[in-house]
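This is what each chain is made of:
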Amino acid sequence: MAYFAPLLSTFLFFSIYYSQSNALSSNYYAKTCPQAEDIVMKVVKEEAQKDRRVPATLLRMHFHDCFLRGCDASILLSSKGKNTAEKDAPPNGSLHGFYVIDGAKRAVEAICPGVVSCADILAFAARDAVVLSGGPYWNVPKGRKDGRISRASETTLLPKPTFNISQLQQSFHQRGLSLDDLVALLGQHNKCSKKINELIS
Ligand code: HEM
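The name given to the protein chain in an unreviewed UniProt entry is peroxidase, with the source organism recorded as Solanum tuberosum. Per its UniProt entry, the protein chain bears the Sequence similarities (unreviewed entry) comment "Belongs to the peroxidase family." Per UniProt, the protein chain carries the Catalytic activity (unreviewed entry) text "2 a phenolic donor + H2O2 = 2 a phenolic radical donor + 2 H2O".

Engineer: Would you mind going over the packing of aromatic side chains in detail, with residue names and values included?
Structural biologist: Counted by the stated rule, this structure contains three aromatic pairs. Seen from their ring centres, Phe63 and Phe67 are 5.4 Å apart, and the 65° between their planes marks the pair as edge-to-face. Of this pair, Phe63 and Phe67 both sit in helix 3 (residues 54-67), separated by four residues, roughly a single helical turn. Taken individually, Phe63 and Phe67 each receive the classification buried, so the pair is uniform in this respect.

Engineer: Just give me the short version of the packing of helix 2 (residues 36-50) against helix 4 (residues 98-111), but keep the residues and values in it.
Structural biologist: Two elements in contact, helix 2 and helix 4, have axes separated by 9 Å at closest approach and are oriented at 145°. Taken as a pair, helix 2 and helix 4 cross one another with a handedness that is right-handed. Facing helix 2, whose interface residues are Ala36, Ile39, Val40, Val43, Val44 and Glu47, helix 4 presents Tyr99, Val100, Gly103, Ala104, Ala107, Val108 and Ile111. Residue composition of the contact of helix 2 with helix 4, by class: 11 nonpolar, one polar and one charged.

Engineer: Summarise helix 6 (residues 165-173); cite the residues concerned and give the values.
Structural biologist: Where helix 6 is concerned, the buried positions are Leu168, Ser171 and Phe172. The buried side chains of helix 6 occupy one side of the element, clustering within an arc of 95° when seen end-on.

Engineer: With reference to specific residues and values, describe the packing of helix 3 against helix 4.
Structural biologist: Where helix 3 contacts helix 4, the two axes come as close as 9 Å, and the packing angle between them is 85°. Classed by the angle they form, the pair helix 3 and helix 4 counts as roughly perpendicular. Here Val54, Leu58 and Met61 of helix 3 lie close against helix 4, whose contacting residues are Phe98, Tyr99, Val100 and Ile101. Residues of the contact of helix 3 with helix 4, tallied by class, amount to seven nonpolar, no polar and no charged.

Engineer: Please give an account of the nonpolar core that cites residues and values.
Structural biologist: Counting residues in each nonpolar core, the largest one holds 35 residues, and the members touching the most others are Val40, Leu58, Met61, Leu76, Ile101 and Val116. Every element with two or more residues in this core is listed here: helix 2, helix 3, helix 4 and helix 5 (118-132). Ranked by residue count, the leading element in this core is helix 5, at 10 residues. The residues contacting Leu58, other than those within four sequence positions of it, are Val44, Gly97, Val100, Ile101, Leu122, Ala125, Ala126 and Ala129. Core analysis: the second largest hydrophobic core is formed by 11 residues, Phe67, Leu68, Phe172 and Leu182 among them.

Rules used throughout
- Residues numbered from 1 in each chain as written.
- Predicted model: local features only at pLDDT ≥ 70, side-chain atom pairs only at ≥ 80, totals over all residues.
- Heavy atoms only, no water.
- UniProt positions renumbered as here; feature names shortened; annotations may be inferred.
- Phe/Tyr/Trp six-rings, centres within 6.5 Å; stacked < 30°, edge-to-face > 60°.
- Helix = DSSP H or I, 4+ residues; strand = E, 2+ residues; numbered from the N terminus.
- Buried < 20%, exposed > 50% of the residue type's maximum accessible area, 1.4 Å probe, protein only.
- Axes fitted to C-alpha atoms, helices over the stretch in contact; angles between N-to-C directions.
- Left-handed = near helix turned anticlockwise from the far one by under 90°.
- Contact = heavy atoms within 4.5 Å.
- Nonpolar A, V, L, I, M, F, W, Y, C, P; charged D, E, K, R; others polar.
- Arc of directions from axis to C-beta.
- Parallel < 35°, antiparallel > 145°, perpendicular 65-115°, else oblique.
- Core = buried A, V, L, I, M, F, W, Y, C linked by side-chain atoms within 4.5 Å.

Here it is in structure tokens:
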């Protein structure tokens, strides 16, 4: 899983860029919940030990969350009434680590109730997934707000595995991401290696 590592500098930018315009800060929970990141890491680590697929799905979950409506945890919201949520749309059908984020949220709430957003917990968990897979550690800026809107229909905006380079570039461009960002993010995506080779050739 060391393939995660080269994604990170761009992914960090991506995560910050697509968080709400409210300023994020590294010490956002310094007074209100300084243990938050340690608690999330502990939960992610325990779950990754039980199921080796957990880190990959958490990283992908964060990417799919950030790509639509910013990093606002809208991917965690459930379908309600006539609204089908992002998580129930086909592109997210193979995401399977929602219980890990629920567990981390419960653990954080037990120590600091009502303080830490789910969006930040997901951002911590994605970072922890990378670290536990042998990738680099980075400081996650904090203070994301949780979104309340989650629409399955918007998942058509996620890049598709069938996209050619122009379509990928356009998809990323619409999110303010450059070709360099695309290459950095996708370049080590081993499940897309066939696609990458096709694109390069
Ligand atoms: C940009 C275009 C991208 C496309 C078209 C794409 C497509 C896909 C597809 C089709 C899968 C297989 C899903 C499945 O098993 O059902 C996958 C898996 C995965 N993707 Fe992407 N992806 C893209 C970008 C990214 C980015 C930017 C990241 C992370 C920053 C990422 C992280 C992952 C991870 C970690 C998995 C493995 C998930 C698992 O095994 O549970 N992908 N991707």
